[in-house]
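So the chains spell out like this:
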Amino acid sequence: MNVHQGYPTETLIRFLKAREWHVNKAQKMLVESLNWRIQNEIDSILEKPIIPEDLYRSIRDTQLVGLSGYSKEGIPVFAVGVGLSTYDKASVNYYVQSHIQINEYRDRFILPMVTKKYGGPITTCIKVLDMTGLKLSALNQMKIVTAISTVDDLNYPEKTETYYIVNTPYIFSACWKVVKPLLQERTRKKVHVLRGCGKDELLKIMDYSSLPHFCRREGSGASKHSSSDPDDCFSLDHPFHQELYNFIQEQALNMELIKQGSMHVNIPNQDPEDAKIVGVIEAEFHKLSVQNGSANGVDKE
């Protein structure tokens, strides 16, 4: 039930799409995903808070993601600070746990809520990826980013309807040129690289109040992350993160389960095609670092 939320057909279609409509491959993928959920107790992950709160706050400050609002059609809009996420304040396990908790809360509460409100199944989300601050040193976070995207690809397939990429520095453009041809057409069609902060384009599909904070202002510093700004959808003080964190704390109290320590979730093996793409990104970053002289410690954006 936690997988399909009353929409088994839509769930089956997501897995079929992810395997290019090969029934046997899609079935294998679904069974493996269900086994992964059982083995890692994913159904009870929303009862396992990351404590103390200071630790969770430092995760929110370094794994920049949040719900900024909804499109005009009711689709949840998630913002991701790709360039400024450092993943350097906790172990990989904590970052993976927090990511899965956001996924599960989205699937079990947010999507059913908008489905009810809009009167038809809403089973996907929109992601706005902010590339501000993307540097060659991002290669250091590749392992964590790859672990999280592998969990998503294999267990939450086709959950993102569209990716909007904004505030792109040169380093992104150089990488995108070599990565784009490697993507499946289905994925390529979902990715839209917007000019600047993307505000004008995004306002066609959502109201101003749903725009991620980094899309609201053109110009320099438009997306500097400030964890004390209540409009900053990455911050633990943002209503979405407060609601999620309080919900997990309450569930844990009900189950009398609160104890310190991260959940260890097994990261499935990466799809070989995805591994190839990661290899290409790493090679491109390396090439750029040699060109930029950042091998000598100079890191240019």
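Everything numeric here is computed off the predicted structure, so don't read it as measured data.

### Some points on the pairing of strand β4 (residues 160–166)
β4 sits mainly inside the fold: five of its seven residues count as buried. In the sheet, strand β3 (residues 125–130) pairs with β4 via six bridges, with the strands oriented parallel. Looking at β4, one finds that Lys 127 is bridged to Tyr 163. Since β3 and β4 lie parallel, the crossover through helix α5 (residues 142–155) that links them has a hand, and here it is right-handed. Sheet topology note: the β4/strand β5 (residues 191–193) ladder contains three bridges and is parallel. Bridging from a neighbouring strand, Ile 165 pairs with Val 193 of β5.

### Things to note about the packing of aromatic side chains
To describe a pair of aromatic rings, one takes the distance between the centres and the angle between the planes. Applying the stated criterion across every chain yields a total of 10 aromatic pairs. Look at Trp 36 and Tyr 156: their rings are 6.4 Å apart centre to centre, the planes differ by 90°, and that puts the pair in the edge-to-face class. With Trp 36 in helix α2 (residues 23–39) and Tyr 156 in the loop between α5 and β4, this residue pair connects regions lying 120 residues apart in the sequence. The burial state of Trp 36 is the same as that of Tyr 156; both residues are buried. Their ring planes at 55° and their centres at 6.3 Å tell us that Tyr 105 and Phe 240 sit as a pair that is tilted. Of this pair, Tyr 105 sits in helix α4 (residues 92–118) while Phe 240 sits in helix α9 (residues 239–255); the two residues are 135 residues apart in sequence, bridging distant segments of the chain. When its relative accessible area of 6% is taken as the criterion, Tyr 105 is described as buried. Each residue in the set Phe 78, Tyr 105, Phe 109, Phe 240 and Phe 247 is aromatic and connected to the rest through ring pairs, giving one cluster.

### With respect to the pattern of salt bridges
For the structure shown, the criterion picks out 16 salt bridges. The salt bridge partner of Glu 104 is Arg 37, with a shortest N-O separation of 2.8 Å. Here Glu 104 is found in helix α4, whereas its partner Arg 37 is found in helix α2, with 67 residues between them in sequence. By relative accessible area, which is 1% here, Glu 104 ends up buried. You can call Arg 37 buried: its relative accessible area is 7%. Ionic pairing is found between Lys 287 and Glu 284, a salt bridge with its closest N-O pair at 3.3 Å. Residue Lys 287 and its partner Glu 284 are both found in helix α10 (residues 272–292); the two are separated by three residues, about one turn of the helix. Accessibility expressed as a relative area gives 44% for Lys 287, which makes it partly exposed.

### With respect to unusual backbone geometry
A cis geometry characterises the amide bond from Ile 51 onward to Pro 52, with omega recorded as -5°. Along the chain, the position of Pro 52 falls in the loop between α2 and α3 (53–62). Unlike most non-glycine residues, Trp 21 shows phi in positive territory, near 65°. Along the polypeptide, Trp 21 turns up in the loop between α1 (8–18) and α2. With a phi close to 55°, Glu 158 is a non-glycine residue in the positive phi region. When you line up the elements, Glu 158 lands in the loop between α5 and β4.

### Section: the pairing of strand β2 (residues 76–81)
Extensive coverage of β2 is indicated by the burial of six of its six residues. Burial along β2 is two-sided: the face carrying Pro 76, Phe 78 and Val 80 and the face carrying Val 77, Ala 79 and Gly 81 are both buried. Here strand β1 (residues 65–70) pairs with β2 via five bridges, running antiparallel. What sits directly across from Gly 69, in β2, is Val 77. Pairing geometry for β2 and β3, over five bridges, is parallel. Within the sheet, the bridge partner assigned to Gly 81 lies in β3 and is Asp 130. Crossover connection from β2 via α4 to parallel β3: handedness right-handed.

The rules behind each value
- Residues numbered from 1 in each chain as written.
- Predicted model: local features only at pLDDT ≥ 70, side-chain atom pairs only at ≥ 80, totals over all residues.
- Heavy atoms only, no water.
- Buried < 20%, exposed > 50% of the residue type's maximum accessible area, 1.4 Å probe, protein only.
- Helix = DSSP H or I, 4+ residues; strand = E, 2+ residues; numbered from the N terminus.
- Pairing = 2+ DSSP bridges.
- Right-handed = clockwise from strand over helix to strand, strands pointing away.
- Phe/Tyr/Trp six-rings, centres within 6.5 Å; stacked < 30°, edge-to-face > 60°.
- Salt bridge = Lys/Arg side-chain N within 4 Å of Asp/Glu carboxyl O.

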